[in-house]
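Chain by chain, the residues:
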Amino acid sequence: MHFFIQELVNGITQGSLYALIALGYSMVYGVLKLLNFAHGDLYMVGAFVGYFVIQWFGGSTALSIPVPLLLLFMFLLAGGGVGMLGVAIERFAYRPLRDAPRIAPLITALGVSFLLENTMLLLFGASYRDYNTSAFISFNTGIHIGPLNIDLVQLMVIGVSVALMIALTLFVARTKLGRQMRAVSADREAAEMLGIDVDYTIAVTFFIGSALAGVAGVMDGLAYNNIYTLMGFIAGLKAFTAAVVGGIGSIPGAMLGGLLIGIAESMVTGYISSTYTNLIVFGILIVMMLVRPSGLLGKVPLQKV
Amino acid sequence: MKVRISLAAMALTALVAAGCGSSNSSTSTTSASAGSSTQAASSSGSSKACTTEIGIEAPITGQVAVLGDEQLAFAQLAIAADNKANGTNISLVQGDTQLNPAQATTVTQQFTSNDKIVGVVGPAGSQEVEAVGPLMGRAGLAFISGSATNPALTTSGKNPTFFRVVSRDDVQGPEDANFVIKTLHPKALMIVDDQEVYSTGLVSSMIPVFQKAGIKVDHESVSQKVTDFSSLVAKVTPQTTVVVLPWQVAANGQQFGKDLQQEHKNATIVGTDGMQSSSFTIPGSYVSAFGPDITAIPQDAALVAAAKVKYPKFGTFGPPVYAATHVIDEAIASVCKSGQTPTRASVLAAIKATNEPTSVLGQPIKFDSKGDLINAKWFLFKINNAGKYVLVTNS
Amino acid sequence: MASDPRTTDVSVEAKQDPSIGVDEWVARTAQRREFAPGWRGDAERLFERMGWWPKLAIAAAFGAIVPFILSNNFQLQVGINALLLALLALGLNISVGWAGLLDLGYIAFYGFGAYGFALLSSNQLHPPTGIHFAAYVSLPIIAVAAACLGLIVGLPSRRLIGDYLAILTLFFGEAFVEFTNNVAPSKLGGPNGIVSIDPIRAFGHSLISNKSYFWFLLALLVLTAAALHLLDNSRTGRAWRAVREDPLAAGMMTIPVNRVKLMAFSFGAVVAALAGTVFAAQQVNVFPTDFDTPFLILIYAALILGGAGSIGGAILGGLLLSVMLDGFLRSPTEAGYLFYGVILLTLIVKLRPWRKLLAVLAATVAFGFVVHAIVEAISKSAVAGQPSGGWISSDLHNWVVVPSNATTAGNIGFVVLLCLVIALIQVKGRTRTVLLVPTLYLAACVWEGVLVENPSVTRQLLIGAILIVMMNARPQGLLGSKRVEVV
């Protein structure tokens with residue numbers, strides 16, 4: 001029983017990170033119908049920003065400010081910085097291709113991905129950077145009931161992710177900007193004709209999506225310590241999978257997809273074998289896709305002639 | 001518009017033609033200027049003739065750039081040190097393989113077609129060596145790897161110009177396994193490979209030894225790209241007292257150890273040479289390596305100081321490449337000293353005749369007829385509570 | 001009718017009999033497409049009148065001469081890689097360009113062909129002798145098996161559309177690598193792959209040298225292009241195009257949509273598998289890591305860069321991308337040609353009139369010398385660095401500022417360069433021309449100081465930059481045609 005809960009918590013932690021990145025994917029896809037392959041690299045940039053914040057304040061073993069303040073700085077700087085980076089990328093790489101067939105911005109996104117990954121490689125080198133979280137958030141905090149061990153960092157990751165997802169859902173459902181985003185997702189030309197500033201709305205969408213990815217990057221560093229310049233590639237693929245499995249364009253779907261993949265990986269590793277984890281998880285996802293062809297919470301797209 | 005484009009195309013062709021024409025002359029001017037400066041410093045007239053190139057094949061970009069970057073940095077350090085010591089003018093040509101055998105083939109073709117290259121360091125992976133060995137053999141180009149440990153590379157005979165400065169899986173695996181059985185007496189253990197050939201080779205040589213000793217073995221497998229091991233760690237039962245991690249990325253081992261601590265598991269980690277690094281410092285762990293901790297060897301002080309400036313977080317992939325590059329440098333220098341211009345054949349012969357009494361790896365370097373290092377030493381370290389490597393035993 | 005100021009052709013009178021249903025602007029298209037006078041017009045007329053197969057034959061003839069021009073094995077290998085990528089792009093064009101299905105598992109068919117050939121032509125199965133079929137036995141077997149595999153993979157396309165199908169094919173692609181890496185290591189080789197594969201062997205002749213593989217691949221490419229062209233002009237091709245544009249309407253026009261989609265997958269799989277067999281034979285070994293996702297990304301980039309939906313585009317994109325990646329960018333000197341060449345090309349094409357271009361170039365040169373002199377006066381070490389070897393760097397020594405420790409300054413310069421380029425895109429007019437000068441100079445300095453020192457990373461950076469620039473300049477690809485997607 002404890003083993004099951006342990007694996008479940010591990011899975012939810014990893015799944016929340018996938019979910020946050022998948023949210024950005026889904027949002028951008030919703031407004032632009034673009035699969036932004038550079039999204040995973042924004043996640044990586046966020047992780048590095050968080051690392052440099054720690055170094056700025058003295059390094060993991062000799063922090064000069066209290067830990068909650070450090071975390072606040074990390075989240076704000078990573079979220080804000082990566083958000084601005086996302087807006088810049090949209091402005092210069094994707095805006096000229098807004099009316100091109102969908103396949104063209106795909107390649108631009110690939111180009112941006114290469115550029116981001118290798119700029120970081122050039123500037124910072126290939127060594128793994130270590131957050132060394134246990135130096136400032138000790139392992140003894142958290143829940144320890146018998147063999148069950150839930151770390152404070154894991155709880156924080158899950159908590160922050162849930163809070164952000166709730167905030168995002170409320171934002172999209174209640175605020176004016178959220179309404180504008182939904183309108184632009186539904187039909188960009190009609191939204192433009194109704195007086196919505198499409199460029200601004202798309203920029204805000206990118207900002208929010210990228211900021212989420214940046215915050216997820218910081219949390220990945222906190223939870224799993226090792227960050228390197230190519231970590232975004234795999235995370236991006238998994239988040240893309242999560243977004244599509246949950247129904248692309250749907251925000252709750254992205255969350256569900258991410259959590260599902262995280263839990264599936266964890267359970268398969270725990271109960272079957274880590275050798276076949278990827279194969280079995282793929283198998284599960286294939287079966288799910290065949291059972292619900294438009295994703296778990298996706299809307300069946302209306303086909304019109 | 002069309003006129004513009006044709007004008008541009010003509011300009012481009014003119015550029016390329018100018019480049020092709022002057023490239024030979026410009027490289028000779030740079031080498032001449034460099035040659036004249038060394039001539040002022042050293043009196044050996046052969047310094048000008050000892051201008052040659054060495055290639056390095058490593059995963060400089062790509063998913064395992066952390067390994068290739070370290071190898072490249074140490075190769076550059078070796079070349080700089082040897083150029084200064086021998087008065088040679090050897091330059092390094094980079095070949096990025098991304099640990100992909102098809103790319104390694106292309107890079108090897110590039111090197112074999114470049115007549116200035118007389119020796120190659122690398123490739124890093126055993127798969128790549130299998131892919132490029134015959135090509136190198138046909139070109140008579142010697143290549144020394146600092147990390148390819150698959151036994152078949154030297155026993156198969158398909159790679160006549162291949163050498164390595166590290167010991168083989170079929171030696172290291174059983175030695176490690178026997179140590180674990182004799183010293184740690186586990187009833188059950190978990191052994192995890194990282195889906196690369198280095199790891200799977202070691203695992204397949206260790207598991208039979210463990211099974212013969214009656215130990216319950218849980219064989220797991222995670223990719224090198226995974227950074228989250230909490231699910232795997234949760235599977236470590238209280239009876240599992242040893243976890244064997246023959247991994248190449250030490251930082252992942254560090255994370256695994258942290259996860260063990262966090263989930264309050266008391267298993268001891270036993271790592272192999274990929275884990276010998278300043279990135280892996282879990283107290284109580286054992287690490288077996290074919291190379292000593294160079295920070296503990298007094299003769300290596302200069303290298304350690306230079307490495308700390310250039311590549312502070314080095315592990316176990318850099319020093320063997322340093323040693324390999326040094327072997328080639330010395331071979332080239334000896335050919336130059338005897339008055340000849342370095343060619344592939346002469347450098348190959350000189351490498352075969354290498355007989356260094358000591359090296360940065362803390363042991364003499366001499367190759368047997370198949371290309372393996374003779375008497376490759378084996379070291380075992382335990383990490384103490386301060387995170388320092390303490391030598392426990394060696395062969 | 002009054003002469004229309006929009007047309008510049010004064011040769012033909014504007015008086016025309018108005019035709020029913022044709023408006024004036026359309027009627028003038030024939031005039032506008034009047035051929036140029038002189039020999040250029042004759043050449044254009046001849047070209048238009050030639051059928052497709054003479055053009056293919058001429059291209060093939062050019063291709064066949066190439067191995068005689070190339071001097072060494074490396075260049076032949078680059079050629080072989082280019083032809084492989086072109087062949088793969090051709091196959092991908094069927095599902096992505098013609099049928100509009102996003103197939104992200106395409107690389108698995110390539111791997112299937114390679115592994116299939118490896119298993120049928122090596123000692124892997126049935127040790128110690130193994131199976132060693134001749135090529136005329138194994139190639140057809142693999143082609144048929146690949147077609148079946150394509151059918152199986154395409155089956156979900158009945159229920160899944162668009163990006164959902166993409167995900168499924170992505171799973172399949174990833175699953176292939178996992179499968180060959182982890183499952184049945186004794187039969188499939190595991191991470192150690194399959195080694196010592198026979199060369200392509202038929203009727204006593206084997207293909208051993210790079211030259212022979214080049215010609216074999218060229219022949220395969222030409223045959224495939226011809227077959228696909230015939231397919232494109234047939235009912236199947238028209239059906240594919242209909243399904244791409246509007247599956248529902250196509251279905252209503254009695255096109256069997258599901259069958260057509262399956263055929264797209266099948267044909268693409270066969271082409272990829274054939275490319276895979278040649279790959280396996282030429283490389284002599286296959287490993288699971290040869291078929292991972294980054295290579296799939298390359299095939300997509302090649303196809304879309306060249307123009308999805310066009311055979312010539314796919315081939316051109318494959319050749320161009322591969323030659324750039326392996327031929328140019330692997331050597332710092334050649335990468336320098338590409339870098340400076342592309343910058344100069346963009347300037348020449350974008351800056352008009354030519355006076356402006358000359359002014360900018362002259363200003364950049366002058367600016368450079370001035371800055372170099374100032375920096376030299378301030379501190380000697382800031383210019384002590386040697387611009388590393390390359391065709392013009394010895395001449396550039398007095399122009400670029402390269403400090404003796406170029407890494408930190410170079411990194412900062414690189415980031416500043418990126419910001420300047422972004423700023424350049426934002427501003428317009430005179431500010432842009434003025435800002436060009438320091439940007440060009442900084443680009444040269446950063447190149448000589450930092451980027452040439454790290455050729456492997458620069459290679460990836462340049463590919464990323466080229467992809468972004470090319471897609472922004474020509475979103476439809478080099479030889480593609482502009483399409484409007486109805487979403």
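Computed from a predicted structure; not experimentally measured.

## So, the overall build of chain A
Helices and strands together make up the secondary structure of chain A, namely 11 helices and 4 strands. Taking 19 Å as the expected radius of gyration for a compact globule of 305 residues, we find that chain A reaches 19 Å, a close match to that expectation. When the backbone C-alpha atoms are referred to their principal axes, chain A occupies close to 60 × 45 × 35 Å. Taken across its 305 residues, chain A has 59% of its residues classed as buried. Sequence separation of 24 or more characterises 78% of the internal contacts of chain A that already satisfy a separation of 6 or more.

## Focus: the overall build of chain C
Each helix and strand in chain C was counted, giving 21 helices and 4 strands. The burial tally for chain C puts 48% of its 487 residues in the buried class. Sequence-distant contacts, at least 24 apart, represent 73% of the contacts inside chain C between residues at least 6 apart.

## Observations concerning the interface of chain A and chain C
Facing 41 residues of chain A, the contacting portion of chain C comprises 41 residues. Contributing elements (two or more residues each) for the side of chain A that touches chain C: helix 3 (67–94), helix 4 (103–124), helix 9 (231–245) and helix 11 (277–291) of chain A. Among the elements that take part in the side of chain A that touches chain C, helix 4 of chain A stands out by supplying 14 residues, more than any other. Its residues assigned to classes, the side of chain A that touches chain C comprises 29 nonpolar, 10 polar and 2 charged.

## Structural notes on the pairing of strand 8 (residues 240–245) of chain B
Residue and element names in this part refer to chain B. Where burial is concerned, most of strand 8 is hidden: 5 out of the 6 residues are buried. Relative to strand 8, strand 6 (residues 188–193) is paired through 4 bridges, and the arrangement is parallel. Residue M190 lies in a different strand from strand 8, and its bridge partner there is V243. At this point the chain moves from strand 8, through helix 10 (residues 250–262), to the parallel strand 9 (residues 268–271), and the crossover so formed is right-handed.

## A word on the sheet that holds strand 5 (residues 162–164) of chain B
Residue and element names in this part refer to chain B. Taken together, the 5 strands give an open sheet; going across it, the order is 2-1-3-4-5, and neighbouring strands pair in parallel fashion. Looking at strand neighbours, the two that pair on one side only are strand 2 (89–96) and strand 5, the edges of this open sheet. Ignoring strand direction, the axes of neighbouring strands in this sheet form an average angle of 25 degrees. Relative to strand 5, strand 4 (residues 142–145) runs parallel, the two being bridged by 3 bridges. Following the sheet pairing, S145 is matched in strand 5 by R164. Each of strand 1 (51–58), strand 2 and strand 3 (117–121) is contacted by helix 3 (residues 65–86), which is oriented at about 170 degrees to strand 2, the strand it contacts most.

## Things to note about the interface of chain B and chain A
Interfaces are frequently sized by the accessible area removed from exposure as the parts join. On the side of chain A, 31 residues touch chain B, which itself brings 26 residues to the contact. Contributions of two or more residues to the side of chain B that touches chain A are made by helix 3, strand 7 (216–221), helix 9 (230–234) and helix 10 of chain B. The biggest single contributor to the side of chain B that touches chain A is helix 10 of chain B, with 6 residues. Its residues assigned to classes, the side of chain B that touches chain A comprises 6 nonpolar, 12 polar and 8 charged.

## Quick notes on the pairing of strand 3 of chain B
All names here are of chain B. Of all 5 residues in strand 3, 5 are buried; the element is thus mostly enclosed. In this structure, strand 1 lies alongside strand 3, joined through 4 bridges in parallel fashion. Across the sheet, I54 pairs through a bridge with G119, a residue of strand 3. One ladder, built from 3 bridges, connects strand 3 with strand 4; its direction is parallel.

## A word on the nonpolar core
In terms of nonpolar packing, the biggest core is built from 354 residues, with I21 of chain A together with A86, A89 and I299 of chain C touching the most fellow members. The contact partners of A89 of chain C, leaving out residues within four places of it in the chain, are I299, A302, L303, G306, A314, I315, G317 and G318 of chain C.

## Looking at the sheet that holds strand 8 of chain B
Residues and elements named next belong to chain B. Read from one edge of the open sheet, 7 strands run 7-6-8-9-10-11-12, paired in mixed fashion. Only two strands of the sheet have a single neighbouring strand rather than two, namely strand 7 and strand 12 (389–394). When strand polarity is set aside, the average angle formed by the axes of neighbouring strands in this sheet is 20 degrees. Where helix 7 (residues 169–184) meets the sheet, it contacts strand 8, strand 9, strand 10 (286–289) and strand 11 (379–383), and its direction lies at approximately 165 degrees from that of strand 8. In the packing of helix 10 onto the sheet, the strands contacted are strand 8 and strand 9, and the crossing angle to strand 9 comes to about 170 degrees.

## Comments concerning the environment of Y389 of chain B
Residue and element names in this part refer to chain B. Mapped onto the elements of the fold, Y389 is located in strand 12. The sequence separation of Y389 and R164 amounts to 225 residues, and the corresponding C-alpha distance is 25 Å. Those residues in contact with Y389 that lie beyond four places of it in its chain are V287, D293, F381 and I383.

## Describing unusual backbone geometry
In the segment running from G122 of chain B into P123 of chain B, the intervening peptide bond is cis, with an omega of -5 degrees. The backbone of K33 of chain A shows a phi angle near 55 degrees, a positive value even though the residue is not glycine. Relative to the elements of secondary structure, K33 of chain A occurs in the loop between helix 1 (2–32) and helix 2 (39–56). Residue K33 of chain A is classed as partly exposed on the basis of its C-beta count, with 18 C-beta atoms lying within 10 Å. The phi dihedral of Q195 of chain B falls on the positive side, at around 65 degrees, and the residue is not glycine. With respect to the helices, strands and loops of the structure, Q195 of chain B is situated in the loop between strand 6 and helix 8 (197–212). Accessibility expressed as a C-beta count within 10 Å gives 23 for Q195 of chain B, which makes it buried.

## Topic: the packing of helix 19 (residues 406–426) of chain C against helix 20 (residues 429–451) of chain C
All names here are of chain C. At a closest axis distance of 9 Å, the pairing of helix 19 and helix 20 adopts a crossing angle of 150 degrees. Of the possible angle classes, the one that applies to helix 19 and helix 20 is roughly antiparallel. Crossing hand, helix 19 versus helix 20: left-handed. The residue inventory of the contact of helix 19 with helix 20, partitioned by class, reads 16 nonpolar, 6 polar and 1 charged.

## Here's the deal with the packing of helix 2 of chain A against helix 3 of chain A
All names here are of chain A. Between helix 2 and helix 3, the least distance of the axes is 9 Å, while the angle of their chain directions is 140 degrees. Read as a crossing pair, helix 2 and helix 3 show a hand that is right-handed. Along the contact surface, helix 2 presents L42, V45, G46, V49, G50, V53 and I54, while helix 3 presents L70, F73, M74, L77, A78, G81, V82, L85 and G86. Here the residues of the contact of helix 2 with helix 3 are counted per class, giving 12 nonpolar, 4 polar and no charged.

## A short note on helix 4 of chain A
Counted at 1.5 Å a residue, the expected span for helix 4 of chain A with its 22 residues is 32 Å, and the 32 Å between its end C-alpha atoms agrees. G125 of chain A, located one to two residues past helix 4 of chain A, shows a positive phi value of around 80 degrees.

## A look at the environment of G30 of chain A
Residues and elements named next belong to chain A. Within the secondary structure layout, G30 lies in helix 1. By C-beta crowding, G30 is classed as buried, having 22 other C-beta atoms within 10 Å. In the structure, G30 is positioned 147 residues away from L177 in sequence and 14 Å away in space, judged by C-alpha atoms.

## Concerning the environment of F279 of chain C
All names here are of chain C. With respect to the helices, strands and loops of the structure, F279 is situated in helix 13 (residues 257–283). By the C-beta count within 10 Å, which is 26 here, F279 ends up buried. In this structure the C-alpha to C-alpha distance between F279 and L120, which are 159 residues apart in sequence, comes to 14 Å. If we ignore the near neighbours within four places in the chain, the residues touching F279 are L84 and A114.

## Considerations on the confidence of the model for chain C
All names here are of chain C. Across chain C, the average pLDDT comes to 85, with 89% of residues at or above 70. The model gives residues 7–15 a pLDDT under 50, and that stretch makes 11 contacts with residues more than four places away or in other chains. Of the two predicted TM-score estimates for the complex, the pTM is 0.88 and the ipTM is 0.88.

Analysis parameters
Along each chain, residues carry numbers from 1 onward, in the same order as the chain's sequence is written. As they are written, the chains are lettered A onward and the ligands numbered 1 onward, keeping that order. Given that this is a predicted model, residues contribute local features only at a pLDDT of at least 70 and side-chain atom pairs are listed and counted only at 80 or more, while totals for whole chains, interfaces and linings are drawn from all residues. Only DSSP runs of H or I reaching four residues or more are called helices, and only runs of E reaching two or more are called strands; each is numbered from the N terminus. Within these notes, the globule rule equals 2.2 Å times the number of residues to the 0.38 power, and the radius of gyration is based on C-alpha atoms. Residue burial is a threshold on neighbouring C-beta atoms within 10 Å of the residue's own C-beta, all placed from the backbone, with 20 or more meaning buried, 12 or fewer meaning exposed, and counts in between meaning partly exposed. The contact criterion used here is simple: two residues whose C-beta atoms, placed from the backbone, lie within 7 Å are in contact. Here the nonpolar group is Ala, Val, Leu, Ile, Met, Phe, Trp, Tyr, Cys and Pro; Asp, Glu, Lys and Arg are the charged ones; every other residue, Gly included, is treated as polar. The criterion for strand pairing is that DSSP finds at least two bridges linking the strands in question. Here a crossover is taken to be right-handed if, once the strands point away from the viewer, the path from the first strand over the helix to the second is traced clockwise. Axes here refer to lines fitted to C-alpha atoms; in helices the fit is confined to the stretch in contact. Angles between the N-to-C directions go from 0 to 180 degrees. Nonpolar core, as used here: buried Ala, Val, Leu, Ile, Met, Phe, Trp, Tyr and Cys residues forming one set through C-beta atoms within 7 Å. Each angle receives one of four descriptions, namely roughly parallel if under 35 degrees, roughly antiparallel if over 145, roughly perpendicular if within 65 to 115, and oblique otherwise. Two helices cross in a left-handed way if the nearer one is turned anticlockwise from the farther one by less than a right angle. They cross in a right-handed way if the turn is clockwise. Any helix carries an expected span of 1.5 Å times its number of residues minus one. Within a predicted model, pLDDT stands for the predictor's per-residue confidence, ranging from 0 to 100.

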